[in-house]
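# Reading the structure
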Amino acid sequence: VQLQASGGGSVQTGGSLRLSCAASGGTFSSYNMGWFRQAPGKEREFVAAITWSGGSTYYAESVKGRFTISRDNAKNTVYLQMNSLKREDTAVYYCAAAISRVLTVKWAYDYWGQGTQVTVSS
């Protein structure tokens, strides 16, 4: 499975962005999907995940209530809507695909996209 993330950019504090991750080369609807992020000098951390059917979603506490993960299996795409952005959300955001039902740790994911930069400034 190949994953291509897009939609990153620069935004002011309080603004919004929507990230997209398009999948190809596999059966997208078979995979649970996640978003992770990595800030300079920090470990890659879990942001959000969604099960293959879209029936369940999971969020890091730091983004709960501000970010929304969704997917469109007909378009082989997963999204991350990010609202009320803060400076601490600045990072490279990665999408990933997993067969595993354990979705909040990076070792559970089988495929990774290349990342898209999100920069939040005041």
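Everything below is about the structure shown above.
Residues numbered from 1 in each chain as written. Predicted model: local features only at pLDDT ≥ 70, side-chain atom pairs only at ≥ 80, totals over all residues. Heavy atoms only, no water.

The subject of this paragraph is the overall build of the protein. When helices and strands are counted, the protein shows zero helices and 11 strands. Listing every helix and strand of the protein by position from the N terminus yields β-β-β-β-β-β-β-β-β-β-β. Scaling as 2.2 N^0.38, a compact globule of 122 residues should have a C-alpha radius of gyration of about 14 Å, and the protein matches this with 13 Å. Dimensions along the principal axes, computed over C-alpha positions, put the protein at roughly 40 × 25 × 25 Å. Relative to its full complement of 122 residues, the protein shows a buried share of 44%. Sequence-distant contacts, at least 24 apart, represent 56% of the contacts inside the protein between residues at least 6 apart. Carbon and sulfur atoms make up 47% of the accessible area of the protein, which totals about 6100 Å². For the protein, the centre of its 12 positive side-chain charges and the centre of its 7 negative side-chain charges are spaced 3 Å apart. (Helix = DSSP H or I, 4+ residues; strand = E, 2+ residues; numbered from the N terminus. Rg over C-alpha atoms; globule rule 2.2 N^0.38 Å. Buried < 20%, exposed > 50% of the residue type's maximum accessible area, 1.4 Å probe, protein only. Contact = heavy atoms within 4.5 Å. Areas by Shrake-Rupley, 256 points an atom, 1.4 Å probe, with all protein chains shown as cover. Lys, Arg positive; Asp, Glu negative; His and termini not counted. Charge placed at Lys NZ, Arg CZ, Asp CG, Glu CD.)

Taking burial as the measure, the eight residues of strand β9 (residues 91-98) include seven buried ones, the bulk of the element. Where strand β4 (residues 32-38) and β9 come together, seven bridges link them in antiparallel fashion. Residue pairing in the sheet places R37 in a bridge with Y93 of β9. Pairing of β9 with strand β11 (residues 116-121) involves three bridges; the strand directions are antiparallel. Paired with V92 across the strands is Q117, a residue of β11. Bridge analysis of β9 against strand β10 (residues 111-112) gives two bridges, and the strand direction is antiparallel. (Pairing = 2+ DSSP bridges.)

With that settled, consider the nonpolar core. Grouped burial of nonpolar side chains is what soluble globular proteins tend to show. Counting 39 residues, the largest nonpolar core has M33, W35, L80, M82 and Y93 as the members making the most contacts within it. Elements with a contribution of two residues or more to this core: β1 (2-6), β3 (17-24), β4, β5 (45-50), β7 (67-72), β8 (77-82), β9 and β11. It is β9 that provides the largest number of residues to this core, a total of six residues. (Core = buried A, V, L, I, M, F, W, Y, C linked by side-chain atoms within 4.5 Å.)

Here we take up the sheet that holds β1. Strand order in this open sheet of four strands is β1-β3-β8-β7, and the pairing throughout is antiparallel. Edge strands, defined here as strands with exactly one partner in the open sheet, are β1 and β7. Here the average twist between neighbouring strands, direction ignored, is 15 degrees. Examined bridge by bridge, β7 and β8 share six bridges and lie antiparallel to one another. Across the sheet, F67 pairs through a bridge with M82, a residue of β8. (Axes fitted to C-alpha atoms, helices over the stretch in contact; angles between N-to-C directions.)

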